[in-house]
Amino acid sequence: MTNWTPEAKQNLDDYLGEIKALSQAQGDDAQEIVDDLRAHITTETESASGSVVTIDHLRRTLAALGSPEDVVGGNGSTAERVARVTQPAPQSPAGLAGGSPVAQGPYGSRARTLIYIFALGLPVFALGFEIMLGAMAELYVDPIPTMWHVAAGVLLLLSIGAVDYFLKHARDGHVPKWAGWAFFLNAYAFALSLVYFLVYIPILPVSVIALIAYGLGLMGFAPMACMLASGYQMKMLFRFLPSLGVERKYAMRRTILGSAFVALLVVGYAGPEFVGTRVLQLTLSEDAATRDRGIWWIETLHLENELLKACYAPVVRGIGPTRRWDTQDIENLNHYRELYFRLTGTPYNSVPRPNIRSTFRTRSVDWWEEERSADSEVGGTAVAGRVQGLSLNASHLDGKIMRLGADATSPALAYFEWTIEFKNVSDRQREARAQIELPHGGVASRLTLWIDGEEREAAFGTRQQVRAAYQEVAVVQRRDPALLNVVGPDTLLLQCFPIQPASTMKLKMGITAPLVVRDGKGYLRLPFISERNFTIAPEFEHVSWVECDPGIVASAARMTQDTSGVGGVALHARTKDADLQRGDAVIAIDLGKPAAARYAGQLGETFGELTVQGSPTPPSAPLLCLVVDGSRGMSQTHADWAGFVEALPDNARVDAVFAGQAVEVYSEAPVAPSAALAEWLGSRDYRGGCDPLPGIERALDIVGSQGGAILWIHGPLPVELSSVESLRQWERWHSMRGDADTLRVLAVEAVPGPNRALEQLGQSEFLERVPVLGSLDETLRFVATHLTGGDLALEYAVASTRLVDAPLVEGLGSGHLVRLAVNDAVRKALLSHDASKQREAAALAVEARLVTPLTGAVVLERKEQYERHGLDPTKHEEAIPGIPEPEEWALLLVVLTMLLMVAVRQTRARMLLRN
Amino acid sequence: MNETSQTFDLSNWVTQARKGLLELCIVATLAKGEMHAYDLVKHLAGIKALVITEGTIYPLLSRLRSAGLLQSRLEESSLGPVRKYYALTDTGREAVQLMGAYWRELVDGVGELVESEHNHDELDTRGETEP
């Protein structure tokens, strides 16, 4: 009894199966032929082998019988037979005993021609055409959204080509040595083209229409052609199997390996996206437990980047052109933006925009973004996400610090002109939006925009007027306007649109600001951008140049001092944007101890007065409650809590609330400052983005009835996590009780960025921002020593401005003093909640050409656009500020000095000649 | 010689010449008597000039049987699989006669032509080489 190995048995079955198929195709009695052959092979093989028939025994028999095509074709493979007669037969390197050639026929020239035309030529042409022209991406969807798709496609085509080479040579009897790779590549090509075919199914009807209507859309058919070709090649490979010298099992393994490789590619590329999308959708659930599960998954799988993408566009990256079909509701953008902050503690627009664009063609994606997301934010009141291709191209800050009086201790004011240029390298019109943080107590007093190379002044009107004008001209007419509005305390929103593709847009803001007085010094922090929708390159530098009136002793740690000018000092610097935000550009001038005095100024028909009150009395009951924002970004500040607690006076009572993921309170009642408090503050866990309002409410409960200050140390709050209405209720109640003098919420911005709670609270008689002039620790120590028991209350409050009917002191100073007084009048009018007072204040602000919470500035392109909205840019032109030129006498002095020098030199020259 | 190889497709000529030859060989062999299929194949495969692989013969056997020229019978074997024997039918025997007559006629006629061509070539060669 002879036993056959399973391999040999399988091989025999395969061989006979092939013959049966071919015989049937020729109309022969296939079963009879197969039976005869089986009997022959059995007899031959068993007689040649021992008790076991192996694959090698079988191969020898099969070599003598010939390939299935050879057997059935009968007269086939003649060339080889003739060759065998005339010359020695080539030996098959694949190990087929006897070197039996593989028959011609099945992988014939007709099949190969079709493969070349449709599975190689068509995709190469379509791919090249698409890369060059982007026709399909332009018209409909982008079939090659990323470089990965192109690479996978090229490998697919190479695989089909390689397998074709293999089959052609195998057919001709020269079986290449890489049979295993042939099966692998073939499986890769088939599996990948199958994936693409499935993905392209939705666009096949469109491709048919495009092909008929425009002669385009061949790309849609390419995966199908590749799939059919590689499927045919697979069939051929298995048909040639007995002659290739590889076992069926081996071929199957290679085929599975190739398919698994494709599966791995698909899962690796689209898997995270797929999982991310499903997880993100969980967070949209109405069920709280499901939402929490989604958030847990995002944190566990670190899907922050997927979340960031969801903040931008209602699309997700897919494995093919249908990526943009997977849409989300536009409303969900805000949900994801909030979620991003809650999880990371960072505003989504403070990090670079994620790459969600095409590799080669971007217009369709941009179009989609414009239509579905960006458009809803153009002309809106939010800065929103970063837009592609828009960047800050230039930034020049020119300033002047002016004394109000002749004496060395007289207060000073500053006026800046900040020229900004935006650059748009995208092929879409863009709107630049930015929040500008002004120096403490500052007011925007000028806005100009360059239109056709000409600098145009803004018109000032009520907020509603200027926004309506901007909306109509920018969004509807798409002409050149710019808009400047107040969005929060010392915070402006700047907008300009449209910045044309491949062009720039330049504008200039004028800013009037008082100096903050602390410990005998006046401080000025330069304005900076706290939120933006454009890119600022890491190497970009803001160029600042600040001149001081003669007699002013000014210094700045990171600015260069230049005393070569006439009279005063000039400070200049090139500052990186991050450094400007951090407060690196702070100018200090020596003032000495402030003395009680009055200063007046005139602007048109309006007079203002600034009064220095001297040292106010300290608060009677120094009670301080800290509210520390528990958002993750705050941990980077590394606050020196021990130093802060040490600086507190011994008689102070203090408490602390940590507004983290949950509100934590240090002590139920205020206690004396101690190291334990510092330790408690230092050991808090800063995680995600936190809502500070519950913490502030808790602090108000602690402090409210006794009077004192709440020191709110905060970072950015880019989304409204809860309503400020509860604080408003508290504010109304204490306002009625007249507690404003004894209760104060002091906001210290530890990490710069937008803060919606501050914006919402706006003008409040209880809320005050503490300017950060230098490091956070210095600011905290200042508050610790000055508010709760030191010599002075917050010293910068000693000087106040007001409007007067007529100048009360002799000698009129700068109109900038009046601007600050008008700004103060607007603030007071808002706090009064009296509509008529607010109207009056708004009219004054328009007259003084100021951007206040009641008024704004807009630059439009044409006169009729202004007229339609009741605006006039030429009105109150006399109030337009500017950087003061050197006084005439100073110029005269310079000229006289030069003339004198020339005269001296000439005299000396004459004397030398005479000698 | 090289020029001849380039212009004349020898393989094509062999293919044409072999058409029908194998069928004649099969029926001629079986004219001597019934034969086991395996032995028949081995016998024909042994004729070198035919340049065939053994597997080629089975489909021909099947076709000839379908055409009524051959008949087959099975016989149990104690050594291996069932043995199949082929033999000529009456039609087959008639066909052998006709095919054999035609073959002889063909060989005589064509042989004469080929022989005279060969002699002519030899004379030409001698004439060129003689002084």
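Keep in mind it's a predicted model, so treat the numbers as computed, not measured. (Residues numbered from 1 in each chain as written. Chains lettered and ligands numbered in written order. Predicted model: local features only at pLDDT ≥ 70, side-chain atom pairs only at ≥ 80, totals over all residues.)

Right, let's talk about the overall build of chain A for a bit. A count of helical and extended segments in chain A gives 29 helices and 29 strands. Counting the 915 residues in chain A, one finds 47% classified as buried. For chain A, long-range pairs separated by at least 24 residues make up 79% of all intrachain contacts whose partners lie at least 6 apart in sequence. (Helix = DSSP H or I, 4+ residues; strand = E, 2+ residues; numbered from the N terminus. Buried ≥ 20, exposed ≤ 12 C-beta atoms within 10 Å, placed from the backbone. Contact = placed C-beta atoms within 7 Å.)

A few words on the overall build of chain B. A tally of regular secondary structure across chain B gives six helices and three strands. Ordered by position in the sequence, the α and β elements of chain B form the string α-α-α-β-α-α-β-β-α. The 131 residues of chain B split such that 20% are buried. Expressed as a percentage of contacts within chain B between residues at least 6 apart in sequence, the contacts between residues at least 24 apart total 49%.

Below, the discussion takes up the sheet that holds strand 24 (residues 663-665) of chain A. Residue and element names in this part refer to chain A. Here we have six strands laid out as an open sheet, ordered 24-23-22-25-26-27, and mixed in their pairing. Edge positions in the open sheet fall to strand 24 and strand 27 (767-770), since each of these has one partner strand only. Here the average twist between neighbouring strands, direction ignored, is 20°. (Pairing = 2+ DSSP bridges. Axes fitted to C-alpha atoms, helices over the stretch in contact; angles between N-to-C directions.)

Here we take up the environment of D56 of chain A. Here D56 of chain A shows up in helix 3 (residues 55-65). Distance from D56 of chain A to A8 of chain A, taken between C-alpha atoms, is 8.0 Å for residues 48 residues apart in sequence.

All right, on to the pairing of strand 27 of chain A then. Residues and elements named next belong to chain A. Examined bridge by bridge, strand 26 (residues 743-749) and strand 27 share four bridges and lie parallel to one another. Paired with V745 across the bridge in strand 27 is L767. Following the backbone out of strand 26, through helix 24 (residues 756-761) and into the adjacent parallel strand 27, one traces a crossover that is right-handed. (Right-handed = clockwise from strand over helix to strand, strands pointing away.)

Attention now goes to the confidence of the model for chain B. All names here are of chain B. In the predicted model, chain B carries a mean pLDDT of 76, and the fraction of residues at 70 or more is 69%. Within the model, pLDDT remains below 50 along residues 127-131, and this stretch shows zero contacts once partners closer than five positions in the same chain are excluded. Our summary of model confidence lists the complex with pTM equal to 0.65 and ipTM equal to 0.76. (pLDDT = per-residue confidence, 0-100.)

Residue and element names in this part refer to chain A. In this model, chain A carries a mean pLDDT of 80, and residues with pLDDT of at least 70 account for 81%. Element-level pLDDT for chain A is lowest in helix 5 (residues 78-86), with a mean of 38, against a maximum mean of 95 in strand 24. Across residues 75-105, confidence stays below pLDDT 50; counting only partners more than four residues off in sequence or on other chains, it has 72 contacts. Within the model, pLDDT remains below 50 along residues 788-798, and this stretch shows 38 contacts once partners closer than five positions in the same chain are excluded.

Right, let's talk about the sheet that holds strand 14 (residues 528-532) of chain A for a bit. Residue and element names in this part refer to chain A. The strand order across the open sheet built from six strands is 8-29-9-10-5-14, with neighbouring strands paired in antiparallel fashion. In the strand order of this sheet, the two ends are held by strand 8 (459-462) and strand 14, each with one partner. Adjacent strand axes in the sheet meet at a mean angle of 30° when their direction is disregarded. Across four bridges, the pairing between strand 5 (residues 430-437) and strand 14 is antiparallel.

As a further point, take helix 22 (residues 693-703) of chain A. Where burial is concerned, most of helix 22 of chain A is hidden: eight out of the eleven residues are buried. Three or more residues of helix 22 of chain A are buried, namely L693, G695, I696, R698, A699, L700, I702 and V703 of chain A.

Residue and element names in this part refer to chain A. Ranked by internal contacts, the top residues of the largest apolar core, which has 154 residues, are A444, L492, C625, V627, I710, A845 and V858. Setting aside its immediate chain neighbours within four residues, A845 contacts V822, V826, L850, T852, L854 and T855. Membership of the second largest hydrophobic core comes to 43 residues, among which are V175, F183, L192 and M224. (Core = buried A, V, L, I, M, F, W, Y, C linked by C-beta atoms within 7 Å.)

All names here are of chain A. In contact at an axis separation of 11 Å, helix 6 (residues 109-133) and helix 8 (residues 147-171) are set at 160° when each is read in the N-to-C sense. Taken as axis vectors, helix 6 and helix 8 run roughly antiparallel relative to one another. For the pair helix 6 and helix 8, the sense of crossing is left-handed. Judged by residue contacts, R112, I115, A119, L120, P123, V124 and L127 of helix 6 engage G153, L157, I160, G161 and D164 from helix 8. (Parallel < 35°, antiparallel > 145°, perpendicular 65-115°, else oblique. Left-handed = near helix turned anticlockwise from the far one by under 90°.)

Attention shifts here to the environment of R83 of chain B. Residue and element names in this part refer to chain B. Residue position: R83 is located in strand 3 (residues 83-88). For R83 and H36, which are 47 residues apart along the polypeptide, the C-alpha to C-alpha distance reads 7.0 Å. Other than its neighbours up to four places away in sequence, R83 contacts H36, E75 and S77.

So, on to unusual backbone geometry. Residues and elements named next belong to chain A. Residue P498 is reached from F497 by a cis peptide bond, and omega for that bond is -5°. Here P498 lies in strand 10 (residues 491-499). Positive phi, normally seen in glycine, also occurs at H638, with a value near 50°. Here H638 lies in the loop between strand 22 (623-629) and helix 20 (641-647). Look at H638 and you get exposed, because 10 C-beta atoms sit within 10 Å.

Describing two packed helices takes the angle between their axes plus the distance from one axis to the other. Residue and element names in this part refer to chain B. Packing of helix 3 (residues 21-30) against helix 4 (residues 37-45) leaves a shortest axis separation of 11 Å and a crossing angle of 125°. It follows that helix 3 is oblique to helix 4 by the angle criterion. For the crossing formed where helix 3 meets helix 4, the hand is right-handed. The residues of helix 4 that touch helix 3, namely those facing C25, I26 and T29, are L40, H43 and L44. Residue classes in the contact of helix 3 with helix 4 are distributed as four nonpolar, two polar and no charged. (Nonpolar A, V, L, I, M, F, W, Y, C, P; charged D, E, K, R; others polar.)

On to helix 13 (residues 248-282) of chain A, then. All names here are of chain A. Within helix 13, the axis deviates most sharply at A270, by approximately 50°, and proline P272 lies no more than four positions further along. Where helix 13 is concerned, the buried positions are A251, R254, T255, G258, V262, G276, T277, V279 and L280. Looking at the buried residues of helix 13, the elements they touch are helix 9 (179-200), helix 11 (222-239), helix 12 (241-244), helix 14 (288-301), helix 15 (304-312) and helix 16 (332-344). (Bend = angle between axes of the 7 residues up to and from the residue.)

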